[in-house]
Structure formats: C-alpha cells, structure tokens
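# Coordinate analysis (summary)
Each chain is listed here by its residues.
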Amino acid sequence: MTVSEEVEEPGRIPDDPLLRAEGVEKYFESNTGLIDSVFGNEEYVKAVDGVDIAIGQEETVGLVGESGCGKSTLGRTLSRLYEPTGGTINFGDKDVTDISGSELRSLRKEVQVIFQDPLSSLNPRKTTREIIGKPLEVHDLASGQEKRERVEELLEEVGLRASHADRYPHEFSGGQRQRIGIARALAVEPELIIADEPVSALDVSVQAQIINLMKRLQDEYGLSYLFIAHDLSVVKHIADRVAVMYLGHIVEKGPTSAIFKNPQHPYTRALLRSIPSVEGTKGKREVLLEGNPPSPLNPPSGCPFHTRCPEYMGEECEAETPTLKSVVDAPGEIGPPDGTPIDVTGDTSKAEHTVACHWLEEDAEERRSNDPLTGD
Amino acid sequence: MSTSLSDIVKTDRARIFGIRTDLIEQFVDTLQQDLKAKVGLVIVSVFILAAIFAPELTPYDPMAQEYGVFQPPTLSGAHPLGTDSYGRDILSRVMYGARISLAVGLGAVLFGGFFGVLIGLLSGYYGGWIDDVLMRAVDVMWAFPWLLIAIMLVAIFGQGFWNVIFAVGFAYIDDFARITRGEVLSVREEEYILAAENVGLSDFEIIFEETFPNTVAPIIVQFTVLVARAMLAESTLSFLGLGVKPTTPTWGAMLGQGRTFLTQAPWISIIPGILIMITVLGINLFGDALRDAFDVKEGDEA
Amino acid sequence: MIESTDPLLRVRNLRTSFDTDRGVVSAVDGISFDIKPGEVYGVVGESGSGKSVTALSIMGLIDSPGVVEADAIEFRGEDISGYSDAEMRDIRGGNISMVFQDPMNSLNPVMTVGEQIAEVVRHHTPVGESAGFWRELSRKYVTGTDKESDSWQRAVELLDTVGIPDPKERATEYPHQLSGGMRQRVVIAQALAGDPDLIIADEPTTALDVSVEAQILNELLELADEFDVSVLLITHDLAVIRETCDRVAVMYAGELMETSNVQELFNNPQHPYTRGLLQSIPRITDDREWLDVIEGNVPDLINKPEGCPFQQRCNYSFDMCDKPLERHRVSDDHIARCHLHSPEVDTAAHDFDTEATGDRSITSGDSGIIADGNGGDDL
C-alpha cells in the first residue's frame, strides 16, 4: 500500500493540479422579503457546502449525483460563472476566487463550459458562425477572413460541415447542436472544459457519438474535463476519477475503478444498484432509495444522507457530519455489493479513495450483516 | 381532462415533428389566414397613406374658411364630408388631422419605448437593488393617472407638438419597462446568456447583443397597441384643449370643437369620432395579429 | 364479450403525416401491432422516430395539419379510427388514459390534485354525481368537491394506491407543492381514475432521477397488475423496456424495425439497428475505451429513402436495401423487418451472425474504432 509510486497512473490525485478548489461554498439567498433581510432572517439554499476538488492536466474528473444535489452549481462556481460564497479556487498557480474584470475575462480563455441543453445554450437568433466566432473575437484570437476559416475548421473538427456555418440553431438536431456547443468551447483553446451534463438531453446513439468526440478532442488538444452527469454509466466511460455528490457535499471520491468496483458510501452503492441495465436476466430494480432528497433549504443535521440511508445506524449519523476519510486501513471497509472480493493490495489508487460515512470506522462484519445490499 | 390533453399536443407538436417555425413565416402565415389581420392591415395602410399624402390628396386647404358653414356631408357634392362651423372642408381637415395623430402616436410610443425598454433591460438583467430602484420609480409613474401627468406637463411647458408627444409618451414608459423586464427575466434564465458570460462577453454586450434581440417580439406587439392608445390620448388632450395648437386640425380637437354644434351639425363631431374609432380598431386588430404571430415559441427540438 | 386472446388494441398500417411548408413529413409510416389484455407493451425509439406520434394518433389527438390514416385502430374489437370527437372524449381518460413525460403538462396548476382526480372519476365512472358543465364549473371555482362525496373519496383512495403518504392531506394540495416523483404519481392516479383498460405512458420517467424512476416504474407495473390494465410504454431507454415490458417494438424513422418478446430482443437482437442501439449504450459493467456508435443521423422524414430507412447508417447494407421492407419471422414471437432475413439472402455472406446474443455482440463490438460519428450528414 505504498503511495509513493513514480509512474503516472490514472486515478491518482495530481500533485500539481490544473484546478484546485478547497472548501468551496455556494449559497443562494432564498426568496426572503425586504423585511426579513433587514432583520437578518435570510434563508440560504446551501447548494454547494464545502467541497474540495482537484483536476489535473489532461485528466477527466466525473461528478455525479441526482438532480438538485448541487453538481451543476459546483461546475458553474468552479468556472466562476457563479461567485463562490466561501472557499478558494486556484487555477494553475493563480487564486481565481475573487477575480473580476479583465482577469476574469482571461480566465474564460482557459476555462470553458459546455451546457446541458444544446438548444437553450445557443442563442436562437444567431447563426452558427456568429456563435462560434464570438469567442475568437472577444479574446482577439482571429478576425476577418482568418476568423471565417477558423470557424469552419472548428465545425469540421467537431464533425459538422463548413456549410453549416450560416444556419441557425433550430435547423440542427440535438446532437449537432451539442457539437456546436463543443466547437464554441474549443474556439479559445482552453485548458479545462467543464461539461455540465453534455449528453443527458441526447439520444443514446448520439450520446455515444458525443462521448467519443470529447475523448478524441481530449487526446488531441490535451484538455482536462470536469464531466458532470447524473448517469454513472456515462461517467465510467470517460472519467479517470469520480466524485459522488449528495445535497451539496461530496460523499465519496476516488479513482473510477475504485468507485465502480469497490463503492463504500451507502449512497454510491444504492445509486449503482438503481441503474437500469440492458444486461443479465430480466427483473425489477430494487428500490433502495426511497423518496426524494431533502430540500437544501433545510438540510438534515449530521450526515446529509441519513434520512434516506438504507444503512442508517442511529444517532451518530444525525449528530455528526462525517468527513471524507481514506479507505486505506479503514476497519469498516466493505466488499463490493455483489460480494465478489476484489484484490486491492498494492493498488496505490486506493489511497486516493475517500468516503464520508461513519460506517468506515465501524466493523466491516457488523456492517455487512446490516447491509441490505450484500444480501443477495 | 380531454381538453388539457389536446392542449399538450398543441404545445408539443412543433417539438415532436421539428416543424420549422420562423417568426416571419409565422407572421406571413397569420396574415394570410387571419381575416382580422387583413382588415387591420388595410385600415392601417389607408390611414398611413392618407396622412403621408394629405397635401397631394386633399381637395381644399384645411385652414381656409371660405366654403359656407354647416354644409352637411353629401357624397356627391363638393364637400363629401361637409364643412364645419367656420366653413372649413372636413375631409381635408381629417386628412391633415391624420398626420398629427400618426406623428403623436408614433412619437409618443417611440419616446416611451426607448426609456421603458432601457429601464426594463437594466432592471431585469441586473436585478437586486437596481431593479428595486428602477421599478419603484416606474411604480410611482404608474400610480399617477396619465392624464394628470399630461395636464401637469402641458401646464408647465405649454401647448405644442413636442410637449404633447412628451406628455403622452411619458405615461408609456412604465408599460414598456414592465413588459421588457418580464421578458428579460425569462430570457436571463436561458442558458445562452450564461454561455455568453462563459465566452467572456461584457454585461453591455450581453444585454444588447444577446438579451435584447430575444425580447423584441412582445415589445413590438406592445408598440402597435400603444400607438392606438397614444392616438386616443392625443385626441383626449386636444378635446380638452391641451393638445397641439388649437387651430391645427387634429381629430380630437375637431371632435371637441364640434360638440357645441352637436344638435345642428352632428357630423362635425361624429366624423372624426368614427375615424378615431376605426383607426384604433384597425391598429388593435393588427396588433392582435402580431401577437398571435409571435405567440408560438420558435424552433423547438427536431 | 371478447375472447381473452383477442388483442385489446389492434393497430394496422397506421400512417400519420404532417403537411408542412417543406413537404409532407411522414412521422408514422405504416406500422401495425397488437397489445394483448394485461400486457405491458414497449415501443422504443430515438427522438423523431415517431413513437409519441403513434400514441397521439391512436388517441385521436393529432390536429390539422396532421393526417392520420389507418386500415384499422381497433380497441376491444371496435374500430375507433372513425370516432367523432365526442366519442373519443369518452375513450380518452376513460378506456384509454395517458401519462406524459412532464407531469406539469397533465396537471392544472390552480386546482388541487384531489379535485383533478375527482373530476376524472365523475366523468368516466358511475359515481352518480353530475359532471355537467355548469356543475363542474361551480365545483371548480366556488364550492370545490364535497369531501364526503364518492368521487373525492375515490380520489383519496387512488392517491393512497399510487403510494402517496397522507393521501387525505395531499389531496388538498396543489401540484407545485409536490416533488417531481409525487406529481408523476398523481398523474398515474389520475390516469387510473377513469378505470381504463389501457394506459399509454409516454416517457413517464424520463424527467426523473434514476432512484425515483425505479420507484415509479415499479409502482406502475404493480398497479397495472392490480387494476388489470394493459400498458403501452413509450420510451427511448432500452433498459427501462427490459425491466418492465413483456413485448417490445423497436421504432425507427416512423417504422417498426423489430418486434419481439423482451427476453429475445435483448438476448438475440436480429435487426442491425437494434444491435447498434444496444451497443451504443454505455454500461457500468464493460470496460470499452471507445463506445460503439451508429454513424450519422436519423433520415429526414420528408425525403425518406426508398426501402429500409436505416440503410444509410447500416453496417450491413447491401443491394437489396432499397427494396420495400417485408416482415420476416425470426421465431414464434419475433419479427424483424430487414432484408438480411429474407429467405433468398445468405445471411452468413453478409457477416451477419444471426445467432449473436446481446452479450456477445458487445464484446465483439469492441473493435477499438475511434468513431464519434459524423454529425453533418443529413439536413
């Protein structure tokens, strides 16, 4: 279990990350009236509540969670589309937490966002040429004839044709629109792309096209991705590391193989189980997660997941918020849900696998007997 | 329940079949199908043409008092719409009156529209205290009856063409501000605004290049509706003697001057009255058609 | 009285087209299928495949400029394709109800959920309460439904059945006070209120999170069983089909490409499109570096190619593909519309392994092709 391996290995937390965020918080003021704010009775929606995350050079970090867990907000905060309420964000060796004006503008050249809804994220009254040409213009990268050529080059790069440049967004299919969104992000040759559910609104066969496209572009341009999704199986195909988010907190993170083969947090385990599959024998999914996530306006005390946890163990869960702890040497580490033992000895990536759950300090045997997932 | 289902199908259809719906196509479509729109368009065109070509078309000088007073309208006679108490030709006067009505109508709405849209854009885009300050100011404007403001403004600055435009237009700032703000609030939620920010556009560019073009549809509709209202307002002011110079022929002034002779020579008042009614109706029909044309959200999912 | 083996819904050669400025869009192009009583029948397809239009056509919900033609749309042995509006109104919400993707579309935001369900109950079941226009109007805006009345009791009961806690309380709440999953349950309760024989569910869980999706699907299946209702489930998600349906039809560009019982479709897909679709799904159990993709896009429905609509994207296309498609029976309950299955074609010569199972085709599909498809081939 040596951590000091020399070889670059997928899933290792980079020593010198491209983006490092610590304790990031983003609160939204909920609709309180003037009177309330005068008396200091504002209520806050804690969309992101103290998140640490790092993204390395040419690395893809997957961020998953159900709708409303704060994953999109985190993505937008990291890209500085939203102003963080707390914490620090470093890009390269620069603190970008509070920058504004021209500094912020130059950050936009390094960090780009791809949005979920390809129709909504393209201005319906602009042609493809205007949409993709705008970033070139804003950052003084190209103009005139050069800009024309660059736009056409970008279109071809993402699998569209140069002749598409003068069409409006509504003339394209969903997948083609998302390609335009990718071309726009690519135009400034950024280092990091934050992809906010880029394939969720697309058909399956098109999803695969877009995922492959993003992987190819990553290889070609040496991009880093923060890939946000609600679909674990999509993330598995593209991410080197995965962070699972619930109600504004990251509850588990680690190398992709560790998260999928040896998930430790009850939420991750239940989520993995609730993914519908096209394989194996037909059968209904077990419902492991009852009800809906609680409102972030009034989050539960202690562990945010305790209200829905299938492995709820009592007062401790409600009293104290668990922090992310390494799985290494954790007495409560439990095997994968299907019971197959996995060999993780010598797997350096295991050290990077951290989980926020009180069970980790308990006895694995006891946990197993209490666990609805290991049963069958 | 069945009605709500068919509603769904209506709203969903464009999305399901990817039927292309362009704003202009829609408008042309509506014009073609909609009798209402056609009638509106004809009325508005006749009115505008009459106003523009009044000097060429009018048979007499509208100010000349030389044709014998109180001649009733005779379609075959020298004065098809009769003459008024000073012996002026009513047909010529209403055609020149159309010019004033049109100028005041357009001018007032352009004035109100410019400031209203600006306030709406800033207020809607920035929100927060800017929104509070601007919209409360607009609320205050709204709380005063427009006629009172108009009377006050005319009392301070005196009668005259520009003062009437200013007085009438002032009252429309709040309409435009409210409509634009509402529209901006919904456009602001669209991801392409965030995408523009992500590209690195400044606030100014986002407001005027990205937001404004997507809010114009309802503003244009409001524009037509308010032109009709402004013409009525001008008539009201003129009727009260607060309009453009008393001798200038305007519909409202003619209506007002004719009321003393309502029993002997009712046509003096009735003719401009009917014209006001028809024109306002025409513009409203046209505005309705515009509203229908812009109503459907464009180009949904294929 | 119909025999239990007779189909509940029998659709023959359904064609729905829309006359647009650009030409005639054939959204549904000659499809036929049967739904047996008590069956959960799935229609799966990508967006633009015409699966939703199929449902709307059956329900008589296509208005001008859409034109619906069919040799037959028989519901319990009776052809409903020529029904008048009033007759269809009785069918909709009564014999056949629908559940849509977005529950807010099927719920009135200014009526309490109990009120909405009770209204459907009064319209379609014999509770002995007037459902006349004026009576309903005064209920809606003045009095509200009597909390002691049968229709209200039934509404509360239905809310309880679909798994809503405190149904009495919830019945008096408005749709916006409920979560997405709860709203969809309310819509299902509303769909059940008319005591239907068939529920058409159009992407009922697409807007929901996976965990909530599992809850809703399970609920829907249990209720279908309990109330003896057939379900026509329309979705883009093969995994949802697999865990809920008995039989399934794969739809592409307005046509049915393959129909089969579910087990066989997944174990032994026989149409190249179905295989492509299955392979392009990312899954948590495989370690493919590159996903397999179906190149290109769905063809333009205005100028559809002659013959098979999938030919341009198909890896197996050959000279017969532009001939009109025929239905080829692969096994008892499995039909594929693909010339590869035509008796005079030697399937092996086209490299098409008719024995391929779903699992095998996945592993063999990992050929390492770096394909992200060309997004610009149609339009």
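Everything that follows concerns the structure shown earlier in this document.
Everything in this summary refers to the structure shown in the same document. What you see is a predicted model; the values in this text were computed from it and never measured. Residue numbers run consecutively from 1 along every chain, following the written order of its sequence. Each chain gets a letter, beginning with A, and each ligand a number, beginning with 1, in the order they are written. In keeping with the model being predicted, local features are shown solely for residues with a pLDDT of at least 70 and side-chain atom pairs are shown and tallied solely at 80 or more, while totals for entire chains, interfaces and linings include all residues. In computing side-chain values, all of the structure's heavy atoms are included and hydrogens and water are not.

This brings us to the side chain of Ser-260 of chain C. Residues and elements named next belong to chain C. Of note, Ser-260 is situated in strand β11 (residues 255–261). A relative accessible area of 2% places Ser-260 in the buried class. Pairs of N or O atoms within 3.5 Å make up the polar contacts considered here, provided that, within protein, one atom can donate a hydrogen while the other can accept it, and that residues adjacent in sequence are counted only when both atoms are side-chain atoms. Among the polar contacts listed, one links the side chain of Ser-260 to the backbone nitrogen of Leu-265, at a separation of 3.4 Å. The criterion used for residue contact is that any of the two residues' heavy atoms lie within 4.5 Å. The residues touching Ser-260, leaving out its near neighbours within four places in the chain, are Arg-247, Val-248, Leu-265, Asp-333 and His-334. Secondary structure counts use DSSP, requiring at least four H or I residues in a row for a helix and at least two E residues in a row for a strand, with both numbered from the N terminus. When accessible area is computed with a 1.4 Å probe and restricted to protein chains, residues below 20% of their type maximum are described as buried, those above 50% as exposed, and intermediate ones as partly exposed.

On to the sheet that holds strand β4 (residues 86–91) of chain A, then. Residue and element names in this part refer to chain A. When DSSP locates at least two bridges between a pair of strands, those strands are taken to pair. Spatial ordering of the open sheet is given by β2-β1-β4-β5, a layout of four strands whose pairing is antiparallel. Strand pairing shows two members of the sheet lacking a second neighbour, β2 (44–55) and β5 (94–95), which therefore form its edges. Both strand β1 (residues 19–29) and β2 contribute to a ladder of nine bridges, which runs antiparallel. Bridge pairing in β2 links Tyr-27 to Lys-46. Axis definition: a line fitted to C-alpha atoms, over the contacting stretch in the case of helices. Angles run 0 to 180 degrees between N-to-C directions. Packing against the sheet, helix α2 (residues 71–78) makes contact with β1, β2 and β4, and its axis sits at approximately 115 degrees to β1.

Residue and element names in this part refer to chain C. Counting buried residues along strand β8 (residues 198–202), five of its five residues qualify, which places the element largely inside the surrounding structure. Burial along β8 is two-sided: Leu-198, Ile-200 and Asp-202 facing one way and Ile-199 and Ala-201 facing the other are all buried. Two strands pair when backbone bridges link them, and strand β7 (residues 96–99) and β8 are joined in this way by four bridges, in the parallel orientation. The residue of β8 that forms the bridge with Ile-96 is Leu-198. Note: β8 against strand β9 (residues 230–235), five bridges, orientation parallel.

Moving on, we get to the interface of chain A and chain C. Between chain A and chain C, the contact holds 51 residues from the first and 58 residues from the second. A carboxyl oxygen of Asp or Glu within 4 Å of a side-chain nitrogen of Lys or Arg is what we treat as a salt bridge. Put simply, chain A and chain C have zero salt bridges between them. Looking at which element gives the most residues to the side of chain A that touches chain C, the answer is helix α7 (residues 204–221) of chain A, with twelve residues. Note that Gly is not counted as nonpolar here; it falls among the polar residues with everything else outside the nonpolar set of Ala, Val, Leu, Ile, Met, Phe, Trp, Tyr, Cys and Pro and the charged set of Asp, Glu, Lys and Arg. Class assignment for the residues of the side of chain A that touches chain C results in 17 nonpolar, 18 polar and 16 charged.

Residues and elements named next belong to chain C. Closest axis-to-axis distance for the helix α4 (residues 113–124)/helix α6 (residues 150–161) pair is 8 Å, and the angle between their directions is 115 degrees. Here α4 lies roughly perpendicular to α6, going by the angle between them. Of the two possible hands of crossing, α4 and α6 adopt the one that is right-handed. Along its contact with α4, which presents Val-113, Gly-114, Glu-115, Ile-117, Ala-118, Val-121 and Arg-122, the element α6 presents Ser-151, Trp-152, Arg-154, Ala-155, Leu-158 and Leu-159. Of the residues that constitute the contact of α4 with α6, the class distribution is eight nonpolar, two polar and three charged. Here the angle decides the label: under 35 degrees means roughly parallel, over 145 means roughly antiparallel, 65 to 115 means roughly perpendicular, and every other value means oblique. In a left-handed crossing the near helix is turned counterclockwise from the far helix by less than a right angle, and in a right-handed crossing that turn is clockwise.

Residues and elements named next belong to chain B. Close contact between helix α5 (residues 90–126) and helix α13 (residues 251–258) brings their axes to 8 Å; oriented N to C, the two are set at 135 degrees. One finds that α5 runs oblique with respect to α13. Only Trp-251, Met-254 and Gln-257 of α13 make contact with α5, whose side of the interface consists of Ile-90, Arg-93, Val-94, Gly-97, Ala-98 and Ser-101. A class-by-class count of the residues in the contact of α5 with α13 yields five nonpolar, three polar and one charged.

Residue and element names in this part refer to chain C. Negative charge collects at one region of the surface, where Glu-78, Asp-79, Glu-87 and Asp-90 lie side by side. Only β6 (78–79) and α2 (85–91) provide two or more residues apiece to the negative patch. Structurally, Glu-87 can be placed in helix α2. The residues that make up patches have over 30% relative accessible area and no salt bridge, and they are joined within 9 Å when like-charged or within 5 Å when they are Val, Leu, Ile, Met, Phe, Trp or Tyr. To measure how exposed things are, a 1.4 Å probe is used in the Shrake-Rupley method; for residues, cover is taken only from the protein chains shown. Charge counting follows a simple rule: Lys and Arg are positive, Asp and Glu are negative, and His as well as the terminal groups are ignored. To locate a charge, take atom NZ for lysine, CZ for arginine, CG for aspartate or CD for glutamate.

Okay, helix α9 (residues 210–227) of chain C next. Residue and element names in this part refer to chain C. Expected span of a helix: the number of residues minus one, times 1.5 Å. Across its 18 residues, α9 extends 25 Å between first and last C-alpha, which sits within 8% of the 26 Å expected from 1.5 Å per residue. Burial within α9 is extensive, with 15 of its 18 residues counted as buried. In the stretch just after α9, Asp-228 is the one whose phi turns positive, near 60 degrees.

Residues and elements named next belong to chain C. In spatial order, the strands read β7-β8-β9-β3-β10-β11-β13-β12; together these eight strands make up an open sheet with mixed pairing. Lying at the two open borders of the sheet, with one neighbouring strand each, are β7 and β12 (328–331). In this sheet, neighbouring strand axes are inclined to one another by 20 degrees on average, regardless of whether the strands run parallel or antiparallel. Here β11 pairs with strand β13 (residues 334–336) via three bridges, running antiparallel. Note on β13: the bridge partner recorded for Thr-259 is Ile-335. Across the sheet, helix α1 (residues 51–58) lies against β3 (40–44), β7, β8, β9 and β10 (247–252), angled at about 145 degrees from β9, the strand it touches most. Lying on the sheet, helix α12 (residues 272–280) is in contact with β10 and β11; it crosses β10 at an angle near 95 degrees.

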